[in-house]
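# Chain and residue survey
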Amino acid sequence: MNEIPGDLKFMKSHEWARVEDNGTVTIGISDHAQGLLGDLVYVELPAVGDEVQAGNACAVVESVKAASDVYAPISGKVMAVNSALADKPETINEDAYGEGWIYVVKPTNLAEESEELLDPDAYAELIESEEH
Amino acid sequence: MTQHTILNATHRALGAKMVDFGGWDMPLNYGSQIEEHHAVRRDAGMFDVSHMTVVDLHGAKTRAFLRHLFANNIDKLKVSGKALYSCMLNETGGVIDDLIVYFLTENFFRVVVNAATHDKDLAWIEKQAEAFDVKVTERADLSMIAVQGPNARAKVQALLSPTTREKAIKLGKFVAVDGDGLFIARTGYTGEDGYEIIVPQAQAVGLWDKLIAAGVAPAGLGARDTLRLEAGMNLYGQDMDETITPWEAGLAWTVSLDEGRDFIGRAALEKQKAAGVPRAMVGLVMDEKGVLRHGQRVVTPQGDGEILSGTFSPTLGKAIAFARVPAAASGNAEVDIRGKLVAVRLVKYPFVRDGKACAGV
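Values in this document were obtained by computation on a predicted structure and should not be read as measured data.

## Some words on the domain arrangement of chain B
Residue and element names in this part refer to chain B. Split by domain assignment, chain B resolves into domain 1 (1-275) and domain 2 (278-357). Between the C-alpha centres of domain 1 and domain 2 there is a distance of 26 Å. Counting from both sides, the interface comprises 20 residues of domain 1 and, opposite them, 20 residues of domain 2. Taken together, the elements giving at least two residues each to the side of domain 1 that touches domain 2 come down to α2 (33-42) and α8 (221-230). Sorting elements by how many residues they give to the side of domain 1 that touches domain 2 places α2 first, with five residues. Considering only residue class, the side of domain 1 that touches domain 2 consists of six nonpolar, seven polar and seven charged.

This is the structure we're talking about:
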């Protein structure tokens, strides 16, 4: 079981968000989520410049088994996407909290929206309860 | 209630991710579905397929019964041990199930049917068997392990007694033989060589453990699905069901319209053939990135169709699918993926045989 880094916040739908020093927010899916999906074979990324709305689907991760929407934890403008995932989607399986990041937004409503997110302990509790 | 095979605890001890499949608690994967897939294509892998139903048929008129019950002709089986793939149809030509039947003696044939169709298959077989005085016995006491891959046969053979090994080495494709208390068939659902071994429950865990020690990789239903789709093999319930005839499911090769044989569904099949079969099952390959999925719309100049089985092919590194489309469709088409039309090619399948991509795929 991977340790959950302390600087992340989570949605109940297993996306993580990390506020960077420059004020942007990096988004990915949790290690637990990649484990549920199994081997990832395709990631549909948002486009740089897209305006994403918290709670809306903004990317898709596909494993051999199923396609799964990635919901935006934080509203904002997409500043960067992890285009390396196009050729190596399995990076998310290998390093969900690091090299497997999906996109970066410049947030428009960070303070309010981040209060809606779970801290690592609350998220760990959530996945614990889902497993039983 | 969820059913467990005798190997359930073994799967869990190996760290398998379990899923419900047709009412059975079965391993989806033991870590990585793609690695398990490659293990079967490149070396040897094994599947617990004990959830499948083994039915023994006894009686002097069993051959006559099966001549009537199956769309393929049981009279193709002339040598003891020989196997045949067939559909079992209803009166309207729809597929009740697909199965493998083994000819053992004139008084004894063995049939292996799908797990998810267990109840309706047994009810249908028993009902039809009455007129032929055939005794139908479900063999819930038997387990089944499929060992598949280029090195599968050698690894199994090394575990057998000298006498049985000799028989297993000589075994032709689509033939079964008894030995060491096992029923060893050179059949499979992966497009690779190998054996499907029917084993008494009490011996199943021991056999599995010996195969692990021999370097056979456990593989789950996830890999089984990508392997069979690459190999161009239908999955009941997804690629065909009781509303679909073999003509529409790419299974014409399994229908034997031999003269004077009155099998169930024949009249409906002949009628549909004479009128022209409106839809056909085709293979699709997508060269762009992404994954084809069950239920996606296929757009062709001749009209729309639908994806039946779709997946990412680990061997080809791209998405493949079976689709049912207007019979006249050929060449190129598009698939509606989340509202976007993506180009696909209609191809002949299998997509992969004996570890290699097939021509034109």
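## Remarks on the environment of Val177 of chain B
Residue and element names in this part refer to chain B. Locating Val177 in the fold gives a position in strand β10 (residues 176-179). Taking C-alpha positions, Val177 is 8.6 Å from Ser80, a pair spaced 97 residues apart along the chain. Each residue touching Val177, except ones within four places of it in the same chain, is listed here: Gly81, Lys167, Ala168, Leu171 and Ile184.

## Let's talk about unusual backbone geometry
Residues and elements named next belong to chain B. Here the residue pair Tyr349 and Pro350 is connected by a cis peptide bond, since its omega of 10° sits within 30 degrees of zero. On the secondary structure map, Pro350 appears in the loop between β19 (340-347) and β20 (352-353). Phi at Asp133 takes a positive value of approximately 60°, unusual for a residue other than glycine. Looking at where Asp133 falls in the secondary structure, it is placed in the loop between α4 (118-129) and β8 (135-138). With 12 C-beta atoms packed within 10 Å, Asp133 lands in the exposed category. Although it is not a glycine, Arg338 sits at a positive phi angle of roughly 50°. Note on placement: Arg338 falls in the loop between β18 (332-337) and β19.

## Points about helix α7 (residues 201-213) of chain B
Residues and elements named next belong to chain B. Between its first and last C-alpha atoms α7 spans 19 Å; for 13 residues at 1.5 Å apiece the expected length is 18 Å, and the two agree. Within α7, burial applies to Ala204, Leu207, Trp208 and Leu211. All buried residues of α7 lie within an arc of 105° about the axis, which places them on one face of the element. Every exposed residue of α7 that faces more than 90 degrees away from the buried side is listed here: Ala202, Gly206, Asp209 and Ala213. The inward-facing, buried residues of α7 contact α1 (8-13), β3 (45-48), β9 (142-148) and β12 (194-200). Gly215 sits one or two positions beyond α7 and adopts a positive phi of about 90°.

Calculation rules
- Residues numbered from 1 in each chain as written.
- Chains lettered and ligands numbered in written order.
- Predicted model: local features only at pLDDT ≥ 70, side-chain atom pairs only at ≥ 80, totals over all residues.
- Domains from an automatic or database assignment.
- Contact = placed C-beta atoms within 7 Å.
- Helix = DSSP H or I, 4+ residues; strand = E, 2+ residues; numbered from the N terminus.
- Nonpolar A, V, L, I, M, F, W, Y, C, P; charged D, E, K, R; others polar.
- Buried ≥ 20, exposed ≤ 12 C-beta atoms within 10 Å, placed from the backbone.
- Expected span 1.5 Å × (residues − 1).
- Arc of directions from axis to C-beta.

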